Amino acid sequence: MRNLLFAEPDSACEIENFDHDLTRLFGILKMQRPAKSQQENNLATHLLNLYEDAWPDDYGNVIVPVKMEDSYTMFSCHTDTVHPKPNKEHTSILYADTILKQVFTNGLSQLGADDGAGVWFMMNMIEAGVAGLYIFHRDEEVGGLGSSHFAKYHEDYLTQLGIKRCVAFDRHYYKDVITHQGTRCCSDNFAQALSNELNMTDEFEFEPCDTGVFTDSANYTHIIQECTNLSVGYWAQHTVKEVLDYGFASQMLARLVQVDWENLPTERDVNDNDYAYGYDWHQWSGRDYKAYDFSMTGSTNHTSYSTMIQFIEQNSEYVAEYLLDLDVTESEIIQHVGIAFDDL
Ligand SMILES: [Zn+2]
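Now for a quick tour of the structure. Only a predicted model underlies this, so the values are computations on that prediction, with no experimental measurement involved. (Residues numbered from 1 in each chain as written. Predicted model: local features only at pLDDT ≥ 70, side-chain atom pairs only at ≥ 80, totals over all residues.)

Some details on the overall build of the protein chain
Under the convention used in this document: Each helix is a run of DSSP H or I of at least 4 residues and each strand a run of E of at least 2, with the numbering of both proceeding from the N terminus. For every residue pair, C-beta atoms are placed from the backbone, and the pair is scored as a contact if these atoms sit within 7 Å.
Check the secondary structure of the protein chain and you find ten helices and 16 strands. Looking at the protein chain alone, contacts between residues at least 24 apart form 78% of all its contacts between residues at least 6 apart.

Pasting the structure below:
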């Protein structure tokens, strides 16, 4: 993890004079695209117009096959963002810290690098001619609706193409190759081999990680053997403090076009759905995998209750970020610990 602080407005400058690729990235980030919005639809239409071989399924997912005769790889991102209160123009004001190479908003809206970063990677990979089946999924943030539709109605298409691996670009921070989204989604050997490929970039420290939360690739684990999700350099997603390390994202993109995707090992059985060791996973309503074991605050754990209270007081922002990553909502905490709403 690098610098987790929200950059000071003083050290920031308004975005201007960036090269073509970053201008496109910031253009994507500027658009507030909540699920089912006109703006999400506009992005999908833009992609359909841009790529000759692109086609929409009947849900509105955009599928772009590139040199499929050479490929058994699928790439995944989502077009929607978390913007519960979009402004009238559906446009965010962005700032960049050009020293840290971080981009963020003026604090009045989410950045939407979740998953604008993934959209940007995939557009550039398509244009670089990286072979694969690119699926820009709709409505991930409201229950993985686009991907569950595609998995349900286009299973034969994926099977006919012989897709062996599905790689999503939708994970926070810098170094995760996700092996479990609740239950196992890819083999450890696949995750390690992909980590090794990514780490050919100096300073990259990718490694297999079993604490993933839901993204679209989880909806294909019964069809595709190796499904994963990669860190793309954003954090505090879903909040107005969301940041994208665009320096990292640019390095990542440069690596993604070099990875030898087709020679990664394929080992997982599609029926292998084990739980991550040491985690108390519960699958909820097909989407949410609740991971946090609240009993860790009890006497059975090394961390005493008072130490935990102290830790939360001193690190409340990170604890909030962690809980959000685990999809834990305020009402669930209230329900779990039994506080009546009236007490708040
Ligand atoms: Zn996402």
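Here we look at the nonpolar core
Looking at soluble globular proteins, one finds that nonpolar side chains tend to be buried together. Short version of the rule: The nonpolar core criterion groups buried Ala, Val, Leu, Ile, Met, Phe, Trp, Tyr and Cys residues into a set whenever they are joined through C-beta atoms within 7 Å. Field definition: a residue is buried when 20 or more other C-beta atoms are found within 10 Å of its C-beta, exposed when 12 or fewer are, and partly exposed for counts in between, with C-beta atoms placed from the backbone.
By size, the foremost hydrophobic cluster in this structure holds 71 residues, and its most contacted members are Ala 117, Phe 121, Met 122, Tyr 134, Phe 136 and Leu 244. By residue number, the principal contributor to this core is helix 3 (residues 113-127), which donates nine residues. The residues touching Phe 136, leaving out its near neighbours within four places in the chain, are Ala 44, Leu 47, Asn 61, Val 62, Cys 77, Thr 79, Val 119 and Met 122.

Quick word on the packing of helix 1 (residues 20-30) against helix 3
Formally: Only the stretch in contact is used when a helix axis is fitted, and all axes are lines through C-alpha atoms; the angle between N-to-C directions ranges over 0 to 180 degrees. These descriptions rest on fixed angle ranges, namely under 35 degrees for roughly parallel, over 145 for roughly antiparallel, 65 to 115 for roughly perpendicular, and the rest for oblique. Crossing handedness is read from the near helix: turned anticlockwise from the far helix by less than a right angle, it gives a left-handed crossing, and turned clockwise, a right-handed one. Only Asp, Glu, Lys and Arg are considered charged in this grouping, and only Ala, Val, Leu, Ile, Met, Phe, Trp, Tyr, Cys and Pro are considered nonpolar; every other residue, Gly among them, is considered polar.
Remark: helix 1 packs on helix 3, axes separated minimally by 9 Å, with the N-to-C direction vectors making an angle of 140 degrees. Comparing the axis directions of helix 1 and helix 3 gives the class oblique. Relative to helix 3, the crossing made by helix 1 is right-handed. Facing Asp 21, Arg 24, Leu 25, Ile 28 and Leu 29 of helix 1, the residues of helix 3 in contact are Ala 113, Gly 116, Val 119, Trp 120 and Asn 124. Residue composition of the contact of helix 1 with helix 3, grouped by class: six nonpolar, two polar and two charged.

Some words on the packing of helix 3 against helix 7 (residues 246-256)
Axis separation between helix 3 and helix 7 bottoms out at 10 Å; the angle between their running directions is 35 degrees. Crossing geometry of helix 3 relative to helix 7 is assigned as right-handed. Residues Ala 117, Phe 121, Asn 124 and Met 125 of helix 3 form the contact with helix 7, whose own contacting residues are Ala 249, Leu 253 and Leu 256. The residue inventory of the contact of helix 3 with helix 7, partitioned by class, reads six nonpolar, one polar and no charged.

Treat this as a map of the structure, not an account of what it does.
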